Amino acid sequence: TIGCFPRRVTLDISYYQVDADVKRIVEASVYYDRFDKDESSDEYELVVKFHALNYQELVIKFAFSHGLFMAIFSQIGVCTVVAALFYWIVVRLTTNLEQPPRLRLMSFLVLTVPPALKGFVLALVPIIINTTSVYFLMKGYLVLSQVSDPDGRNWLFLSRTRLEYSDVTIDPDLLQPTQQGRAGLAFLSMSITALLLTAQVFIPKVEGGAGADEKELAYKRGLVGWKRSNLVCSSIVMSLFLVIIVEWSFWSSFGTYIWEAIILMKILSIILGNVVDKQLGDALLSGPVMTAMGMIQGIVTMSANDFMDFLLSYIVGFGFMVMERMYINPLQSKFFAWLTSLTVALARKVRRLAGRDDIGSDSPSVQVQERNSETVEPLLESYASYSCDIITLLYTPFIMVVILAFRDEVEITKLYGIKEADMEYYVLFALAIIPFQILADIFLHNSLELLHGWKMFEYLEYCNSRFIQRESLWKGFEAESTLDDCIEESLRSIDQHCFSSQYYMLNTIHINAMVYFVLGIEMISRAEHNIFADPATVPIIVIVTLTALGSKLILVALARLVGLWRIKHEKKRWHANVLDSEGPLDQWNGAEEIPSHSHYQMEKQITDETFRYKFLNYNRSWLVNQLPSMITPRATQRSRPQMINSLARILGQIRTDLSDSDSDESDDIMPDFGEAQPMSAPTRSMARLWINRAQRLLRLRRLVEPLVEQARGTSCQVCLSRNLLQVEPLHSLESIDQQFMDEYRTNEIDQVLFKKFYQRTQSYQTICLRCIKARNRKERDGIALDEVCEDREGTSDVDGAQLSSHMSRSSEAIMTNWYQQARRRV
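S.K.: Pulling in residues and values, what's your account of the pattern of salt bridges?
M.R.: Within this structure, the stated rule accounts for 19 salt bridges. One salt bridge in this structure joins Lys139 and Glu409, with 3.4 Å as the shortest N-O distance. Taken as a pair, Lys139 in helix H3 (residues 106-139) and Glu409 in helix H12 (residues 407-410) lie far apart in primary sequence, 270 residues in all. According to the relative accessible area criterion, Lys139 is buried, its value standing at 7%. When its relative accessible area of 7% is taken as the criterion, Glu409 is described as buried. The closest approach of N and O atoms between Lys475 and Glu478, which form a salt bridge, is 2.9 Å. Classification of Lys475 as buried rests on a relative accessible area of 5%. The network of salt bridges with common partners includes Arg104, Glu449 and Glu458.

S.K.: If you had to explain the sheet that holds strand S2 (residues 23-36) to someone new, which residues and values would you point to?
M.R.: Taken together, the three strands give an open sheet; going across it, the order is S2-S1-S3, and neighbouring strands pair in mixed fashion. Sheet topology places S2 and strand S3 (45-52) at the edges, where each strand pairs with a single neighbour. Sheet twist, expressed as the average angle between the axes of neighbouring strands with direction ignored, equals 15°. Where strand S1 (residues 5-17) lies against S3, eight bridges are found, and the strand directions are parallel. Within S3, the position partnered with Thr10 by the bridge is Val47.

S.K.: Pulling in residues and values, what's your account of the layout of surface pockets?
M.R.: By rolling a water-sized probe across the atoms, one finds the places where empty space is left. Reported here for the second largest pocket is a volume of approximately 1,100 Å³. Mapped onto the lining of the second largest pocket, the elements with two or more residues apiece are H3, helix H5 (172-202), helix H18 (501-527) and helix H19 (537-562). The biggest single contributor to the lining of the second largest pocket is H19, with nine residues. Looking at side-chain class alone, the lining of the second largest pocket contains 24 nonpolar, nine polar and two charged residues.

Basis of the calculations
Residues numbered from 1 in each chain as written. Predicted model: local features only at pLDDT ≥ 70, side-chain atom pairs only at ≥ 80, totals over all residues. Heavy atoms only, no water. Salt bridge = Lys/Arg side-chain N within 4 Å of Asp/Glu carboxyl O. Helix = DSSP H or I, 4+ residues; strand = E, 2+ residues; numbered from the N terminus. Buried < 20%, exposed > 50% of the residue type's maximum accessible area, 1.4 Å probe, protein only. Pairing = 2+ DSSP bridges. Axes fitted to C-alpha atoms, helices over the stretch in contact; angles between N-to-C directions. 1 Å grid on protein atoms, 1.4 Å probe; cavity = no way out; pocket = protein on both sides within 12 Å on 5 of 7 lines; lining within 4 Å. Points joined across faces, edges and corners; volume = space filled by probe spheres on them. Nonpolar A, V, L, I, M, F, W, Y, C, P; charged D, E, K, R; others polar.

Encoded structure:
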């Protein structure tokens, strides 16, 4: 364009019509056109244009006050909350649950937000300390010597050194790129140091006991080292991939296709999530890695063409988040299980067509996925995804402030075309949307309970209780024995952390490390800085690393001093050492091992046989009621051999506590029922009749259990107590079933018809456990009194030989065993 002269100059002025008389200029632009190379002519045409901006254009140009923008952001937040509430209403009206849970707002708010907020704020302390130190190291001259040294040539030792080893003097043109590259190196140093430190906390070292096997201990320590290296390497590789996404966002047409880019990145995150899960094998480790990807996805949405598109991208992201959390993630395991089974079926068909029979059972992985779909694993995965989302929500304003503070070094906002003064509106939106997003998430939690039948609220209460009652200062450092073996192995560690403030703090630091890695690479690449030729590389790495390690040591010591995360029941941890054996308490022999005399007395009392018998007798009904929740299909599958063994011992069929050498003694102890006599045809028919009748009654009992529970009153009808209430049907299920068959002349079970008949026929009584116990005591006393009266009337003179003359050998053995046991008890 040298030697070219514009012959038309257009001054375009856009303004905001404040009122009828006042216009405020928002933007003024100058456009040059009609160029020629005629140096002799000095004529040109000046065109001045005035035009008012509409409401949308004023929003895009940030022409309004901060208060009006806060009102706009609040309207967007209210719309998201209303959408979440409407979705909950739809799910509530269409749920398949017979007893849907009520809407819980404050309860979920107390269980979900405080741990996340506390952990995030605690994580910000070391992050801000190290980031501020880097800012002071790189750009401190802007604060302390901006007038005397505006370029920072004399700031500390970094600018006084040569920019490169081959330089003789400092080139002023290379000063700013060098400072930019050195800032990137400082960010990389902070990132790698934080990754190494968080890996040590995520995967704690193995402690060897007194009798530990050295080979096994060495193997476990090697495994810990490999897991830590795997986590750090996976984080770095993912960060490098995120650099590619950031570079892609600099594409000139990225803002035009921002909606397609958002959807593509969401789909890509699902695919990469499965890859990372397979690589790390632990949801606790893969969570922060994938959260960093979500964080970068939020940053690149700032590359939208204007601020209005940025706001709309948030709405699109919110809608996709609802779909992902409510449907995609919960059904993802089922989809992959179906895909796996389809692949296996096709492979078998191909092998069969090829003449090679593939005989075998279903794939174990398919069976595991089907089994886990009805357990706590889907709930854990869903809430783990939410925990990553809330960290992203809280972390977004902070990283925007960091990008604004290092605007010249990162250059992201410059390349996106966002002015420095306009960046504060992005930060303001990220802050304003937080409370509304949290409230919308609470409605989505309630919707998940209705849609999938998950006990999310109960699980969060359980996590909170476990964290309060933990036995070590850091929950993740507890022994491996505290891991829940019933949960899938990849989810045990994240369940152990109980979604506590420690969990959120650790994740936030790791996510920040990965984001800082991306920013550091961007700084170095934009500056085209060669860190190996810079004499300040080693000092920067040493200073930043020592600052990170020193701040860690100081903050940990300060946390111990002020009692942060102090164990609430630390003085009562003596109960963890209670022995399971029934022998004498040898551990109390030494004076140094006795916490106090009161603890010794308590220990002695709770291990006493009298206390155990009274506890079992008093809580028998409650323990029986808890058995269905304890003996779940998963527990049955996991502990099948132990349960069979225990059941066999209860039935008296085997005695596993006796060795082979005691076989003769066991023959004397075990009751001998003799040989089982073959059943005749009438006996076999009678047995089948009994079995069919029992199966029918069991099926009907499961059918009417919800109806019985719904009939529970608010107080005991005998003593008006409101504690430990039970509901008792006044008519037996057998009699109602007989009436049903007599009335409808059918043996088939029509569930809807039988429920209606049961509700019409049955009556209930709400009674507390204390009244039940008193009633049972009276019945036992009456039976004992009747037996005494019968004995006094001479009923014991009946000749046993006459009774046994019509019995088989098996019956005689049973009666003899019962009689001997009764005599011993008397």
